[in-house]
Amino acid sequence: MPSEIRISQRITRVAESATLAIDAKAKALSAAGIDIIGFGAGEPDFPTPHFIVEAAARATSDPKNHHYTAATGLPELKEAIAIKTLRDSGLRYEPSQIIVTNGAKHAIFNTIVTMVDEGDEVLVPSPFWTTYPELVRLAGGVPIEIPTTHENGFKVTPATIEPYLTKHTRLFLHVSPSNPTGALYTPQETSELATFLADHDVAVMADEIYEHLTYDGNRSTSIFACSEALKETGVIVNGVAKTYAMTGWRIGWMIAPPPVTKAAANLQSQVTSNISNVSQRAALAALTADLSAVQPMIDAFDQRRRTMTSMLSSIEGVDLELPQGAFYAFPYVGDLLKKRFGNQSVTSTMELAELLLDQAKIAVVPGEAFGAPGYLRFSYALAEADLVEGIKRFTDFVNSAEG
Ligand code: PMP
């Protein structure tokens with residue numbers, strides 16, 4: 001008799017990534033020949049700009065990239081990340097404070113398991129990116145959700161955070177622009193948050209992965225540019241995935257106070273060793289160039305953002321404002337849950353998303369994945385023609401409802 005297969009309690013606490021699960025289901029249906037329009041994926045549909053691919057191609061034939069390199073990243077890349085952070089966020093860091101990771105997700109993992117102890121509370125504004133609370137739980141911490149809604153622009157303020165502070169508060173997770181809501185904090189709002197968090201000695205992990213995906217002339221503001229005290233204790237997480245259409249290359253990084261970098265470097269030296277050298281060389285090419293290859297992608301997202309928002313907001317029972325950043329629309333659709341679709345009724349956006357996949361042949365992510373039942377997340381990082389066709393399917397589906 002084989003002994004019972006036991007999964008550790010630590011890993012049992014972690015749920016599957018709901019966004020990746022929906023994406024996998026949609027891709028499996030497409031592979032089976034079913035015409036699915038996918039609004040699920042959180043990734044640009046563009047290929048990586050050619051000059052970056054070329055740099056990677058050159059790197060594959062250079063034997064120096066065929067071997068182990070420093071676990072925390074190639075020195076040239078860390079230098080480039082420091083220069084880029086000064087260019088884009090106005091923040092000066094030493095390359096020795098940087099660790100190159102397997103995507104920003106891995107940087108978030110490193111940060112949370114390095115900073116959070118059993119019982120520590122981590123403040124997570126909700127709706128949140130699905131990975132944050134799972135990794136907090138993995139670390140033994142307690143995710144504390146601070147709810148926001150479409151009515152307050154999905155933003156927290158010092159007044160809404162204050163009641164959640166306790167003596168166990170360890171970390172605040174800040175992401176602007178946000179996945180899933182597309183919310184962008186203004187410089188003034190960011191500054192107010194920074195002052196408040198610094199005054200209360202709360203360290204911040206700032207996820208800046210969508211920093212360049214802003215529209216209407218707005219720019220994102222690094223929370224650490226607003227408070228030197230906050231910068232000294234906080235961690236920046238970033239990566240090339242969203243800005244350069246490089247999700248598959250898996251390059252991210254963290255920039256942290258030296259003791260955190262040292263501890264996370266020890267961890268990384270045991271867990272992954274260095275990240276792929278070829279991908280690091282590709283990221284080096286991306287970060288040392290100007291942003292001219294990025295602008296056309298931002299312009300395309302902007303166009304799709306407008307198309308999607310105007311189509312969605314004209315549907316009765318669908319409520320949303322123009323999102324300010326990233327590439328997601330996050331409409332409130334709670335009113336649709338009172339209706340019947342054909343002979344079926346739905347009681348949650350989870351069920352609605354399933355019905356949309358089965359019947360309307362569109363993949364969207366239910367708000368439940370982000371701690372926000374009543375909402376659906378539509379990515380607009382897909383070709384405009386597909387986007388229009390997909391939203392038409394959604395519109396027809398919603399209009400077919402009774403009740
Ligand atoms: N942070 C946020 C807010 C994200 O949306 C994502 C990707 N969906 C990541 C981090 C992870 O990015 P990467 O692909 O670099 O791991």
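Quick look at the overall build of the chain
Here comes step 1: Counting secondary structure elements, the chain contains 14 helices and 14 strands.
Here comes step 2: Scaling as 2.2 N^0.38, a compact globule of 403 residues should have a C-alpha radius of gyration of about 22 Å, and the chain matches this with 21 Å.
Here comes step 3: In terms of overall dimensions, the chain has C-alpha extents of about 65 × 60 × 55 Å along its principal axes.
Here comes step 4: The buried share among the 403 residues of the chain stands at 56%.
Here comes step 5: A separation of at least 24 residues holds for 74% of the contacts in the chain among residues at least 6 apart in sequence.

Some points on the pairing of strand S5 (residues 169–175)
Here comes step 1: With 6 of 7 residues buried, S5 is to be regarded as a mostly interior element.
Here comes step 2: Pairing of strand S3 (residues 121–126) with S5, which is carried by 3 bridges, proceeds in the parallel orientation. The residue of S5 that forms the bridge with Leu123 is Phe172.
Here comes step 3: For S5 and strand S6 (residues 203–207), the ladder comprises 5 bridges, and the chain directions are parallel. In the strand pairing of S6, Phe172 is matched with Val204.
Here comes step 4: In terms of handedness, the path from S5 via helix H8 (residues 187–199) over to S6 forms a crossover that is right-handed.

Notes on the packing of aromatic side chains
Here comes step 1: Counted under the stated rule, the structure contains 14 aromatic pairs.
Here comes step 2: For the ring pair Trp129 and Tyr132, a centre distance of 5.5 Å and an interplane angle of 85 degrees mean the geometry is edge-to-face. By the burial criterion, Trp129 is buried, and Tyr132 matches it.
Here comes step 3: Counting every residue linked through ring pairs, the aromatic cluster contains Phe46, Tyr210, Phe301, Phe327 and Tyr328.
Here comes step 4: Sitting over the ring of Tyr185, Lys155 keeps its end group 5.8 Å from the ring centre.
Here comes step 5: Cation over ring: Lys231 sits above Tyr93, and NZ or CZ is 4.5 Å from the ring centre.

Looking at the domain arrangement of the chain
Here comes step 1: When the domains of the chain are assigned, the result is domain 1 (9–47 + 294–399) and domain 2 (50–288).
Here comes step 2: A straight line from the C-alpha centre of domain 1 to that of domain 2 covers 25 Å.
Here comes step 3: With 38 residues of domain 1 at the interface, the matching set in domain 2 holds 35 residues.
Here comes step 4: For the pair domain 1 and domain 2, the summed buried surface comes to about 2,800 Å²; carbon and sulfur atoms form 57% of the total.
Here comes step 5: When the area that domain 1 buries against domain 2 is broken down by residue, the three leading residues are Arg13, Gln324 and Phe370, summing to 21%.
Here comes step 6: Here domain 1 and domain 2 share 3 salt bridges between them.
Here comes step 7: A salt bridge links Arg305 to Asp216; the nearest nitrogen and oxygen atoms lie 3.0 Å apart.
Here comes step 8: If you list the elements that add at least two residues to the side of domain 1 that touches domain 2, you get helix H1 (9–12), helix H2 (18–31) and helix H12 (295–313).

Considerations on the nonpolar core
Here comes step 1: Counting 111 residues, the largest nonpolar core has Phe39, Leu312, Phe378 and Phe394 as its most contacted members.
Here comes step 2: Counting only domains with at least three residues in this core, you end up with domain 1 (9–47 + 294–399) and domain 2 (50–288).
Here comes step 3: The contacts of Leu312, once residues within four sequence positions are left out, are Val318, Leu320, Ala329, Pro331, Phe378, Ile391 and Phe394.
Here comes step 4: In this structure, Ile36, Ala183, Leu357 and Val365 belong to the second largest nonpolar core, which totals 13 residues.

Conventions used here
All chains use their own residue numbering, which begins from 1 and follows the written sequence. Owing to the predicted nature of the model, reporting of local features is limited to residues with pLDDT of at least 70; listing and counting of side-chain atom pairs is limited to 80 or more, with chain, interface and lining totals taken over all residues. As a convention, hydrogens and water are excluded, and side-chain values are obtained from all of the structure's heavy atoms. Going along the chain from the N terminus, every DSSP run of H or I of four or more residues is numbered as a helix, and every run of E of two or more is numbered as a strand. The reference for a compact globule is 2.2 Å times residues^0.38; the radius of gyration itself is calculated from the C-alpha atoms. Only protein chains enter the accessibility calculation, which uses a 1.4 Å probe; a residue whose area is less than 20% of its type maximum is buried, one above 50% is exposed, and one in between is partly exposed. Contacts are assigned to residue pairs with any non-hydrogen atoms lying within 4.5 Å of each other. Two strands make a pair as long as DSSP finds a minimum of two bridges between them. If the strands point away from the viewer and the path from the first strand over the helix to the second runs clockwise, then the crossover is right-handed. Stacked, edge-to-face and tilted labels apply to pairs of Phe, Tyr and Trp rings (six-membered ring for Trp) whose centres lie within 6.5 Å, assigned for plane angles under 30 degrees, over 60, and everything in between, in that order. Sitting over a ring, as applied to charges here, requires NZ of Lys or CZ of Arg to be within 6 Å of the ring centre and within 35 degrees of the ring normal. Domain start and stop positions are those given by an automatic or database domain assignment. Each of two parts loses accessible area, computed with a 1.4 Å probe, when they are put together; buried area is these two losses added. Criterion for a salt bridge: a side-chain nitrogen of Lys or Arg within 4 Å of a carboxyl oxygen of Asp or Glu. Only buried Ala, Val, Leu, Ile, Met, Phe, Trp, Tyr and Cys residues count toward a nonpolar core, and they belong to the same one when joined by side-chain atoms within 4.5 Å.

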